[in-house]
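Summary of structural features
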Amino acid sequence: MDPHLLRTFVTVARLASFSEAARELGYTQSAVSQHIAALEQDLGAPLLTRRPVAPTTAGERLLEHAGPLLLRLDAARADVVRIAVAPQPGLTLATSPTALGPGVLAAFPPAGVTLRVLTRDEVLAAVATGAADLGLVDGTAAPSDPLRLPDVAPLTTHGVAEEPVSVLLPAGHPLAARAGLRLGDLADARWLDAPDAALPLAGLRAANGGGAFRPALRFEGTDLRTLTALAAAGHGLALLPRSAATGVPGTVAVPLTAPRIVHRTELLHGARPGGAAAELVRKLVGPEPR
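Structure report, in brief. (Residues numbered from 1 in each chain as written. Predicted model: local features only at pLDDT ≥ 70, side-chain atom pairs only at ≥ 80, totals over all residues. Heavy atoms only, no water.)

Here we look at the overall build of the chain
Broken down by element type, the chain carries ten helices and 13 strands. By the burial criterion, 40% of the 290 residues in the chain qualify as buried. Counting only carbon and sulfur atoms, one obtains 54% of the accessible surface of the chain, whose full area is about 15,100 Å². The average position of the 26 basic charges and that of the 26 acidic charges among the side chains of the chain differ by 3 Å. (Helix = DSSP H or I, 4+ residues; strand = E, 2+ residues; numbered from the N terminus. Buried < 20%, exposed > 50% of the residue type's maximum accessible area, 1.4 Å probe, protein only. Areas by Shrake-Rupley, 256 points an atom, 1.4 Å probe, with all protein chains shown as cover. Lys, Arg positive; Asp, Glu negative; His and termini not counted. Charge placed at Lys NZ, Arg CZ, Asp CG, Glu CD.)

Dropping the structure here:
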């Protein structure tokens, strides 16, 4: 399967337009049509309806494979470039919004850092493709267990921090006076669905072994201040690392007592980071064993 054709297909499906895809890719509309036709002929199945432009059932299935395949190709290119090219001065760090704990911030070099706050999936892609030198991702896990991250590229991961998690409630909530809360008792509560800012609801369901955890409001963004303002206004609960949940005006952070899960942060990098990236890895992880 030609990756150029696959990339064209993904772009057309995302934009739902042959002409818009041609404009974004720098092709003629005729060339885009030829790419899609060639890919359909290669696979022996129609992939897109034309009016309106939308994936067929076979096209939907191909899209499930296409993203990881194209990312893996981009990661391979970046990996080779990293070996061939000398490290550049400065450091680009991609991070999910709740991964920047006090210990990580204290390890930053005094100058030359570019910080990019992204979704967790975007952090992985940025490090895999060389758009960032290092990445920080976080999530819930059993104590000392690694995060379950998608295999997008041959990345090295290091656990750099663990801390308790808390349920963020508005100050007037009936449960705000509790000393601790069990996750199972909150399955039917009103939750904020903020997969890129709070700890995702899917992780709560997995940790609880099921349960509804239905969202009352969905927040698509990475801004923690907006998320905590929504919680303070009573639009739903959120699960956050203790350091992010404590001291938020108009809210109370109640520790989660069961099940035993922690907020875990992991550092990601490709093969042999150099320069400022290598120094930050050394500060956060320790020297590489000889």
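Structure shown, so let's carry the discussion forward.
Examining the nonpolar core
By size, the foremost hydrophobic cluster in this structure holds 18 residues, and its most contacted members are Val167, Trp191 and Leu239. Sorting elements by how many residues they give to this core places strand β7 (residues 165-170) first, with three residues. (Core = buried A, V, L, I, M, F, W, Y, C linked by side-chain atoms within 4.5 Å.)

Considerations on the pairing of strand β10 (residues 215-218)
In terms of strand pairing, strand β9 (residues 191-193) meets β10 through three bridges, oriented parallel. Pairing of Trp191 across the sheet is with Pro215, part of β10. Note on the crossover from β9 through helix α7 (residues 201-208) to β10: the handedness is right-handed. (Pairing = 2+ DSSP bridges. Right-handed = clockwise from strand over helix to strand, strands pointing away.)

Some thoughts on the sheet that holds strand β4 (residues 113-117)
Hydrogen bonds between backbone atoms are what pair the strands of a sheet, whose relative direction is either parallel or antiparallel. On the basis of which strands lie adjacent, the open sheet formed by five strands has the order β4-β3-β5-β13-β6 and mixed pairing. Of all strands in the sheet, those with a lone pairing partner are β4 and β6 (156-163), marking the two edges. Taken over all neighbouring pairs, the strand axes of this sheet differ in orientation by 25° on average, direction set aside. Of the strand pairs in this sheet, strand β3 (residues 91-95) and strand β5 (residues 134-141) are connected by three bridges, and their pairing is parallel. Opposite Ala94, over in β5, you have Gly135 as the bridge partner. (Axes fitted to C-alpha atoms, helices over the stretch in contact; angles between N-to-C directions.)

Things to note about the pattern of salt bridges
Taken as a whole, this structure holds twelve salt bridges when the rule is applied. Among the charged side chains, a salt-bridge network with shared partners connects Glu162, Arg264 and Glu266. (Salt bridge = Lys/Arg side-chain N within 4 Å of Asp/Glu carboxyl O.)

Looking at the sheet that holds strand β11 (residues 238-241)
Sheet architecture is open: four strands sit in the order β8-β12-β7-β11, paired in mixed fashion. Taken across any chain shown, the strands that pair with only one partner, and hence form the sheet edges, are β8 (181-182) and β11. Pairing analysis gives five bridges linking β7 to strand β12 (residues 251-258), with the strands arranged antiparallel. In the strand pairing of β12, Ser166 is matched with Pro255.

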